[in-house]
Amino acid sequence: MIRARDIVKQYRDVDGTEVRVLDGLSLDVADGEFVAVVGPSGSGKSTLLHLLGGLDVHYQGDVEVAGVKLAGLKDKELARFRNQHVGFVFQSFHLIPNLSAVENVLMPSHFGSASPEARGRAEALLDRVGLLAKKDRAPVRLSGGERQRVAIARALFTGPRLLLCDEPTGNLDATTGAGVISLFQELHREGITLLAVTHEERMSSAAKRVLRLKEGRLVEEPRPALVGGVS
Amino acid sequence: MRLAALSQLVRLSLARERKGAFFSAFGVAMGVGALVFFLGLGLGVGRVIRERIFPTDARLVDVVPPAVSLGSFLGGGKLDAAMVERLQALPGVEKTWRKMNVRAPAASLYNGDFFGRKLRMGMDVLAVGVDPGLVEGDVQMGKFVDPGPGQPLPGLISTRLLEIYNNTFAPARNLPRLAPGMLVGFTFPVDFNRSYVSAPLPNVAVISSQVQVVGASDRALLAGITVPLDTAIRLNREMGQDTETYSGVTLVATSPGAVPGLVAAVKEMGLEIDDQERRLAENVGAAVALTTSALALLSILICVLAAVNIAHALSASVRARAKEIGVMQAVGASRADVRNIVLAEAGVVGLAGGFLGTVAALLLALLIDRLAGSYLPQFPFKPESFFSFPWPVVVGGVVLGLLAAVAGAWFPSHRAAATDPARTLAG
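Residues numbered from 1 in each chain as written. Chains lettered and ligands numbered in written order. Predicted model: local features only at pLDDT ≥ 70, side-chain atom pairs only at ≥ 80, totals over all residues.

Visitor: Can you lay out the overall build of chain B for me, pointing to particular residues and giving the numbers?
Guide: Across its full length, chain B carries 14 helices and 10 strands. Relative to the globule expectation of 22 Å for 427 residues, the C-alpha radius of gyration of chain B, 33 Å, shows a markedly less compact shape. Based on the C-alpha atoms only, the size of chain B along its principal axes is roughly 115 × 55 × 30 Å. Long-range contacts, defined as pairs at least 24 residues apart, comprise 85% of the intrachain contacts of chain B with a sequence gap of at least 6. (Helix = DSSP H or I, 4+ residues; strand = E, 2+ residues; numbered from the N terminus. Rg over C-alpha atoms; globule rule 2.2 N^0.38 Å. Contact = placed C-beta atoms within 7 Å.)

Right, dumping it as structure tokens:
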């Protein structure tokens, strides 16, 4: 599903120092894998996720996701790639505040091909994450866990085979976070590939493989023991 | 990106930015409304000048003999039949219409019923004879030909004279206002070679006639009566005056574009052009056009300010919505999609502003016309409407609103499209 080779990402810091946040990183993720990438804040986890998801194109190296080589893609092709092959889940949910839950889930439909069943699919996804009854609520009237589930439903809308999750439980309490992790595990069982960057042990313990981002490269890490409630 | 999706996103965005969108549209409406209003006013006043005060036909050239003629020495300047033939032969001339003044003073003394009022009035009149073809469209009774001695002379009066009578003379003298049709058939006496103010021709008898009004014409003499050319020739002959030369010839050019060439050719023939009225019309028209242009410029300035306001409002909006734009990009929006969303938002605001401004201008014009009709006193050439709104002005107003808004949104839309999703969605 993911094949990245010799990725180098550098930027200039505010004081002018050149920072090489990814330094020759390589990564392989098979179809249907659930991989957690851990590492301290500022180690480049989110940057890696953005590169793999086609949100950031300023890097060196080769990235191939879902059979699509990202290097050299034009903006429209990258946009289509993001719409059809990848679903993003963010720590801060990033729901659009003036849209209802179902309208947020429908957001990818505006940039893909037209489908008369779009609304039905959005409602089915909300039903799946247990929020059909609250489909018309604005994000501000949903709890943190509910918002993240809406965000997951949005990420799943176009039926991508890969979910890229950036600290998906970072803003949730333990109980709510456990519910979200359960949902990820369910998706994993259905064959969806998950790559989650996290610094939370409960999330990494749910993954089947854990990689640590250290000095710009990934190293395999032993999988931590399961934390209560998550299997 | 599909149009339906674009319109839905724009609707959602405008619903959230309702207040800003309202003020942006209001600014556009002000500029467009002012522009449409002033253009409509300028065009309306210009139309009154062109069509009613100085009704000129762009294809007509009035040729007159020179005031001081060396024609007899140089072979030009005399407006006789031969010269008319030469004029007719000029390239670009479609027709020639001859005119001949009745070369004696004339006076009218009316004493009788005048549309239900007793009227006793005497005044000097001028009389000119014209080729019937020049006024054939305006004759409403009988044929415009010389009826012969002893018969009432068919006469045309000036529509402008009638306008002045109706709005100044009639109210001042408590006389009825007259429509052109009412005058058709009206007969009044005219004595040729009689005058209240100037000396009559010596040793020439007075010819007493009746003139029967057969219509009103823009091409009729303003301060006098217009009779058939043959009548003028006959009267001049009876009074022993020149019947060989004409007072003027009206040339009908094949097209307005041929007029300058004709004017030059006519002047080369030692003749002059009577363009006093045309020049006056052009000068007044130019003054109106200049005033309209100044006001239109001011209105366009308001539109520019509205565009700047839209640019400012959208820039702030784009900054505030950076995360939202990042999310759109994450779920599949391209840079072009983002740019189009912002431009479409502005386009809707501009169209709404342009439409409302245009409608407001039309309504204001209607209101002013109603008020002017009710409260302004009658005056000559007072129009039913001071405004003219041809469709390009109306459509142009709406389009200008759209263009101003899109121009204002240009840089914000590009800034929005340049949003770096990786940066805005981090954390």
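Alright, that's what it looks like, and here's the rest.
Visitor: Could you give an account of the sheet that holds strand E10 (residues 217-221) of chain A, naming the residues involved and the relevant values?
Guide: Across a sheet, paired strands are connected by hydrogen bonds in the backbone, their directions being either parallel or antiparallel. All names here are of chain A. Pairing is mixed in the open sheet, where six strands are placed in the order E6-E7-E8-E3-E9-E10. Both edges of this open sheet fall to strand E6 (86-89) and E10, since each of them pairs with a single strand only. Here the strands of the sheet are splayed against their neighbours by 20° on average, with no regard to which way each runs. Inspection of the sheet shows strand E3 (residues 34-38) paired to strand E9 (residues 209-214) by four bridges, in the parallel sense. Bridge pairing in E9 places Val38 opposite Arg212. In the packing of helix H1 (residues 45-52) onto the sheet, the strands contacted are E3, strand E7 (162-166), strand E8 (193-198) and E9, and the crossing angle to E8 comes to about 150°. (Pairing = 2+ DSSP bridges. Axes fitted to C-alpha atoms, helices over the stretch in contact; angles between N-to-C directions.)

Visitor: Kindly report on the sheet that holds strand E1 (residues 2-12) of chain A, identifying the contributing residues and their values.
Guide: Residues and elements named next belong to chain A. The strand order across the open sheet built from four strands is E2-E1-E4-E5, with neighbouring strands paired in antiparallel fashion. Each edge of the sheet is formed by a strand with only one pairing partner; in this case those strands are strand E2 (18-29) and strand E5 (68-69). Across the sheet, H1 lies against E1, E2 and strand E4 (60-65), angled at about 125° from E1, the strand it touches most.

Visitor: Summarise helix H11 (residues 322-330) of chain B; cite the residues concerned and give the values.
Guide: Within H11 of chain B, seven of the nine residues are buried, which leaves the element mostly enclosed by the surrounding structure. Among all positions in H11 of chain B, only Glu324, Ile325, Gly326, Val327, Met328, Gln329 and Ala330 of chain B are buried. Residues of H11 of chain B that are buried in the fold lie against helix H2 (75-85) and E6 of chain A together with helix H12 (335-375), helix H13 (391-417) and helix H14 (421-424) of chain B. Of the residues one or two after H11 of chain B, Gly332 of chain B is the one with positive phi, at around 125°. (Buried ≥ 20, exposed ≤ 12 C-beta atoms within 10 Å, placed from the backbone.)

Visitor: Tell me about the environment of Lys214 of chain A, and please be specific about residues and values.
Guide: Residue and element names in this part refer to chain A. Mapped onto the elements, Lys214 comes out in strand E9. C-alpha of Lys214 to C-alpha of Arg80: the two residues are 134 residues apart in sequence and 32 Å apart in space. With residues up to four places along the chain from it excluded, the contact list for Lys214 reads Gly39 and Val219.

Visitor: Hey, could you go over the pairing of strand E6 (residues 187-192) of chain B for me, with residue numbers and the actual values?
Guide: Residue and element names in this part refer to chain B. Residues of E6 alternate between two faces, with Phe188, Val190 and Phe192 buried on one and Thr187, Pro189 and Asp191 left unburied on the opposite face. For strand E3 (residues 106-114) and E6, the ladder comprises two bridges, and the chain directions are antiparallel. Residue Ala106 lies in a different strand from E6, and its bridge partner there is Phe192. In terms of strand pairing, E6 meets strand E7 (residues 207-217) through six bridges, oriented antiparallel. The residue bridging Thr187 from the neighbouring strand is Gln212, located in E7.

Visitor: Please set out the confidence of the model for chain A residue by residue, giving values where relevant.
Guide: In the predicted model, chain A carries a mean pLDDT of 89, and the fraction of residues at 70 or more is 97%. Throughout residues 227-231 of chain A the model reports pLDDT below 50, and contacts reaching past four residues in sequence, or to other chains, amount to 11 contacts. (pLDDT = per-residue confidence, 0-100.)

Visitor: Go over the pairing of E7 of chain B with me, naming the residues and quoting the values.
Guide: In the sheet, strand E5 (residues 153-158) of chain B pairs with E7 of chain B via six bridges, with the strands oriented parallel. Across the sheet, Leu156 of chain B pairs through a bridge with Gly215 of chain B, a residue of E7 of chain B.

Visitor: Outline unusual backbone geometry, listing residues and values.
Guide: The phi dihedral of Asp6 of chain A falls on the positive side, at around 50°, and the residue is not glycine. On the secondary structure map, Asp6 of chain A appears in strand E1. In the Ramachandran plot, Asn203 of chain B falls in the positive-phi region, its phi being about 60° despite a non-glycine side chain. Here Asn203 of chain B is to be found in the loop between E6 and E7.

Visitor: I'd like to hear about the packing of helix H2 (residues 18-53) of chain B against H13 of chain B, residue by residue, with values.
Guide: All names here are of chain B. For the pair H2 and H13, interaxial distance at closest approach is 10 Å and the crossing angle is 150°. Viewed along their axes, H2 and H13 adopt a mutual orientation that is roughly antiparallel. Judged by the twist between their axes, the crossing of H2 over H13 is right-handed. Facing Val28, Gly31, Val32, Leu35, Val36, Leu39 and Gly40 of H2, the residues of H13 in contact are Val393, Gly397, Leu400, Gly401, Ala404 and Ala405. Here the contact of H2 with H13 is built from residues that sort into nine nonpolar, four polar and no charged. (Parallel < 35°, antiparallel > 145°, perpendicular 65-115°, else oblique. Left-handed = near helix turned anticlockwise from the far one by under 90°. Nonpolar A, V, L, I, M, F, W, Y, C, P; charged D, E, K, R; others polar.)

Visitor: Before we move on, could you go through the interface of chain A and chain B and cite the residues and values that matter?
Guide: Counting from both sides, the interface comprises 24 residues of chain A and, opposite them, 24 residues of chain B. Of all elements in the fold, only H1 and H2 of chain A reach the threshold of two or more residues within the side of chain A that touches chain B. Counting residues per element, the side of chain A that touches chain B draws most heavily on H2 of chain A, which supplies six residues. Of the residues assigned to the side of chain A that touches chain B, the class counts are 10 nonpolar, eight polar and six charged.

Visitor: Mind laying out the nonpolar core, listing which residues take part and the relevant values?
Guide: The biggest cluster of nonpolar side chains holds 126 residues, and the ones touching the most others in it are Val37 and Val105 of chain A together with Ile310 and Ala405 of chain B. Sorting elements by how many residues they give to this core places H2 of chain B first, with 14 residues. Core analysis: the next-biggest nonpolar cluster, separate from the first, contains 45 residues, Val130, Val135, Val211 and Val214 of chain B among them. (Core = buried A, V, L, I, M, F, W, Y, C linked by C-beta atoms within 7 Å.)

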